[in-house]
Amino acid sequence: MTTSIETSFIDNSALMLRAVNIGKTFTLHGQGGVQIEALTGVSLDVERGECVVLVGPSGAGKSTLLRCLYGNYLASTGTIAIRDDAQETKHLRITGAEPRDVLYLRRGVVGYVSQFLHVIPRVSTLDLVAEPLVSRGVDAGDAHARARALLARLNVPERLWALAPATFSGGEQQRVNIARGLIAEHPVLLLDEPTASLDAENRDIVARLIVEARERGAAIVGIFHDEDTRAKVATRRLELRPPLRHAAALH
Ligand code: ADP
Ligand code: MG
């Protein structure tokens, strides 16, 4: 951990994430340098125990915002600060952070669950789910026990646990992905449509797990395609609109 991104400008230990004036413009280098403005001027504070649900039409920049918060995309404007309890009163700026600092934050502070599981060939479901705990130094036996409990709760059949999930159905892969994303109990969780291919019963179980994460104090930002899940998990909503320049291009 370097000190290059430490910042202590936020005097609020409940505040886990602060994004100020986030904008993102993509330049399509392969297509004549066309610029796409995906986000402009988005600000957001998220405290412990809050679940902010992003709403807005397709193309409004919801996924782009989550990727900026995860340090996956570098925001074109603005700053994002994340609290790391291991740094006492410090918040860390993910915008402009060096890659190793971003990786440090991802290991212990910020978790991200997308719609898709990135399958690693030949790694069993159980190992894949336990890995975020093992990589943080948790005893392998304890990590596996926790992985089993989560997989059982998510109705992933036990006969699949020793197999690599490459051949699983979309819904099974998604539940493995959620187990992997929630197992380490990151203090900040970013969820991009984690329930997109689940049936109502499993969506319900996932909503319950998200509420439990919230209740243990996680600060959550999420995108959910169905209103039912939004209503169950949200403590607040943030509406994103496609930037105007975008709308004008449609005429
Ligand atoms: P949402 O998740 O709200 O549906 P997105 O964040 O996926 O919206 O996309 C917002 C806009 O940014 C869209 O116009 C999309 O095409 C564009 N966009 C997203 N990611 C990229 C990228 N990697 N390169 C270029 N344009 C992108
Ligand atoms: Mg999206």
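Residues numbered from 1 in each chain as written. Chains lettered and ligands numbered in written order. Predicted model: local features only at pLDDT ≥ 70, side-chain atom pairs only at ≥ 80, totals over all residues. Heavy atoms only, no water.

**What to know about the environment of leucine 154**
By the element assignment, leucine 154 lies in the loop between helix H4 (140-153) and helix H5 (170-182). Sequence separation of leucine 154 and isoleucine 178 is 24 residues, and the distance between their C-alpha atoms is 8.7 Å. The contacts of leucine 154, once residues within four sequence positions are left out, are Arg175, Ile178, Ala179, Asn202, Ile205, Val206 and Leu209. (Helix = DSSP H or I, 4+ residues; strand = E, 2+ residues; numbered from the N terminus. Contact = heavy atoms within 4.5 Å.)

**Considering helix H2 (residues 99-108)**
Listing the buried residues of H2 in full gives Asp101, Val102 and Leu105. Mapping the buried residues of H2 onto a view down its axis gives an arc of 105 degrees, with all of them on the same face. Contacts made by the buried residues of H2 are with strand S6 (91-93) and strand S7 (110-113). (Buried < 20%, exposed > 50% of the residue type's maximum accessible area, 1.4 Å probe, protein only. Arc of directions from axis to C-beta.)

**Things to note about the site of ligand 1**
What surrounds ligand 1 is a group of 13 residues, the closest being Gly59, Gly61, Lys62, Ser63 and Thr64. Within the backbone of glycine 59, one N or O atom sits 2.7 Å away from an oxygen atom of ligand 1. Separating an oxygen atom of ligand 1 from a backbone N or O atom of alanine 60 is a distance of 3.2 Å. Contributing elements (two or more residues each) for the shell around ligand 1: strand S2 (15-28) and helix H1 (62-69). Looking at which element gives the most residues to the shell around ligand 1, the answer is H1, with three residues. (Near = heavy atom within 4 Å. Polar contact = N/O pair within 3.5 Å; in protein donor to acceptor, adjacent residues only side chain to side chain.)

**Concerning the nonpolar core**
Ranked by internal contacts, the top residues of the largest apolar core, which has 39 residues, are Leu151, Leu154, Val176, Ile220 and Val233. Counting only elements with at least two residues in this core, the list comes to strand S4 (51-55), helix H3 (125-134), H4, H5, strand S8 (188-192) and helix H6 (200-215). Looking at which element gives the most residues to this core, the answer is H6, with seven residues. Setting aside anything within four residues of it in sequence, one finds valine 233 in contact with Cys51, Val53, Ala207, Ile210, Val211, Arg214 and Phe224. Residues Leu65, Leu66, Leu92 and Ala97 belong to the second largest nonpolar core, which totals 34 residues. (Core = buried A, V, L, I, M, F, W, Y, C linked by side-chain atoms within 4.5 Å.)

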